[in-house]
Every structure is written in structure tokens, then in C-alpha cells.
Amino acid sequence: TDDASVRDPLTGLYTGKFLERWTAGLGAGTLPIGLVLLRVFGVAQLRKQYGLRAELAALAGLTQSVQDLLSPTDKVVRIGSEDFLVVLPSWPTDDVLRLCDEVCDRVARLDQVYPFVALPAAVAVTVTRERPLPLARLTREVENQYLPAPA
């Protein structure tokens, strides 16, 4: 069973601590792992702007948008206030890209349900045999995609 320290209290998703533990024994060149890093802009500000209920509803919608598409061996890991990593062991590249498109489409439609807030997202995708997982590279790719509009 999981201990509470490897679960995000707001979403129930795994945390970075879980990811470190889960990948610690994996050697390079072994199992290919599909990775989708989804950054959902504004989700970290929802509580301040709209309250806890709105934040929890948006996070639940976001979580469900991803988890509905996964098998029991796949994992969603919350690695930051706005970053969610989908870990897809043994997924081929085409399937990872299809999942990415579907997740982005579902997240884009979350403004149609409570709390009715648009949450723009950026995504970076890879299928890798690298260990440790190339999270820094995916993070840079996401950051390069989204440049906020000048104030």
C-alpha cells in the first residue's frame, strides 16, 4: 500500500517522491517509457481567485481527464503546482502522441464545467529509455512553448 507521503493531498495523484522511488531501480536501456509533461497554467492560482471548492473541482476535472485514458500500469504524477507527468510504460510513440492530443482536447474543454475557468496548457512528450527520466528537458520544452502576453 502507498503511504500518504507519495500522494498529493489535493488530487490523490502520485508525487515526485513516488516517481523517484518507482524509477530508482530502473536501468538505462531497458523498458521504454512514454512521458507526457502537462503544464496547466493558472491552476495554482485558482484557490486565491475563486476559493478552495473551485480549485478542487478544477483539479478533479483535470485528473479525471487524464486518468480516464490510462491503464492500471500507467501513472499520473503531480510534480509541481501546475505540472503533471503522465508515465506510460511500454507505450509506442504514436499512442503517446494520440493520448497527448486527447488530454489536451479534454483540458481545453474544462472551461465548460464548474468552475468555468479556462486553463491553458502546454505539453512536452517523449518516449525514452533514458534513466534518470529526462524531466529537466521536458520542463524546458514546456517553458519554451508558453510565453505570457505582455502586460
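Preceding block: the structure.
Throughout what follows, the structure given in this document is the object of discussion. Model, not experiment: these values are computed from the prediction.

## Comments concerning a nonpolar patch on the surface
Phase 1: Taken together, Leu10, Leu52 and Leu56 make up a surface patch of nonpolar side chains, about 210 Å² in accessible area.
Phase 2: Counting through the fold element by element, Leu52 comes out in helix α3 (residues 52-67).

## Topic: helix α1 (residues 16-23)
Phase 1: All of the buried residues along α1 are Phe18, Leu19 and Thr23. Around the axis of α1, the buried residues are gathered within 115° of arc, so they sit on the same side.
Phase 2: Residues of α1 that are buried in the fold lie against β1 (14-15), β3 (75-78), β4 (83-89) and α5 (135-145).

## Description of the pairing of strand β2 (residues 33-40)
Phase 1: In terms of residue burial, β2 counts as a mostly covered element, since eight of its eight residues are buried.
Phase 2: Judged by which residues are buried, β2 turns out to be covered on both faces: Ile33, Leu35, Leu37 and Arg39 on one side and Gly34, Val36, Leu38 and Val40 on the other are all buried.
Phase 3: Two elements, β2 and β4, share seven bridges in a ladder whose sense is antiparallel. From the neighbouring strand, Val36 faces β4, where its bridge partner is Val86.
Phase 4: Where β2 and strand β5 (residues 121-128) come together, eight bridges link them in antiparallel fashion. The residue of β5 that forms the bridge with Val36 is Val125.

## Here we look at the packing of aromatic side chains
Phase 1: Overall, the coordinates contain three aromatic pairs when judged by the stated rule.
Phase 2: Measuring from centroid to centroid gives 6.3 Å for Phe18 and Trp22, while their planes differ by 20°, and the two rings are stacked. You can see Phe18 and its partner Trp22 sitting in helix α1, four residues apart, about one turn around the helix.
Phase 3: Look at Phe18 and you get buried, because its relative accessible area is 10%.
Phase 4: Centroid distance Tyr114 to Phe116: 6.5 Å. Interplanar angle 85°. Geometry classified as edge-to-face.
Phase 5: Chaining the aromatic ring pairs together yields one cluster made of Tyr14, Phe18 and Trp22.
Phase 6: Sitting over the face of the ring of Tyr114, Arg53 holds its NZ or CZ atom 5.0 Å from the ring centroid.

## A short note on the sheet that holds β4
Phase 1: Strand order across the open sheet formed by five strands is β1-β3-β4-β2-β5, with mixed pairing between neighbours. In the strand order of this sheet, the two ends are held by β1 and β5, each with one partner.
Phase 2: The strands touched by helix α4 (residues 93-108) are β2, β4 and β5; relative to β5, the strand with the most contacts, the crossing angle is about 165°.

## A few points about unusual backbone geometry
Phase 1: Each neighbour pair has its own omega, and for Tyr114 with Pro115 the value is 10°, a cis peptide bond.
Phase 2: Summarising the element assignment, Pro115 is placed in the loop between α4 and β5.
Phase 3: Here the bond from Arg131 into Pro132 is cis, since omega is -5°, no more than 30 degrees from zero.
Phase 4: Topologically, Pro132 is positioned in the loop between β5 and α5.
Phase 5: The backbone phi angle of Ser90 is positive, close to 65°, even though this residue is not glycine.
Phase 6: Of note, Ser90 is situated in the loop between β4 and α4.
Phase 7: Unlike most non-glycine residues, Phe116 shows phi in positive territory, near 60°.
Phase 8: If you trace the backbone, Phe116 turns up in the loop between α4 and β5.
Phase 9: According to the relative accessible area criterion, Phe116 is exposed, its value standing at 55%.

What counts and what doesn't
Residues numbered from 1 in each chain as written. Predicted model: local features only at pLDDT ≥ 70, side-chain atom pairs only at ≥ 80, totals over all residues. Heavy atoms only, no water. Patch = residues over 30% accessible without salt bridge, like charges linked within 9 Å, V, L, I, M, F, W, Y side chains within 5 Å. Areas by Shrake-Rupley, 256 points an atom, 1.4 Å probe, with all protein chains shown as cover. Salt bridge = Lys/Arg side-chain N within 4 Å of Asp/Glu carboxyl O. Helix = DSSP H or I, 4+ residues; strand = E, 2+ residues; numbered from the N terminus. Buried < 20%, exposed > 50% of the residue type's maximum accessible area, 1.4 Å probe, protein only. Arc of directions from axis to C-beta. Contact = heavy atoms within 4.5 Å. Pairing = 2+ DSSP bridges. Phe/Tyr/Trp six-rings, centres within 6.5 Å; stacked < 30°, edge-to-face > 60°. Lys NZ or Arg CZ within 6 Å of the ring centre and 35° of its normal. Axes fitted to C-alpha atoms, helices over the stretch in contact; angles between N-to-C directions.

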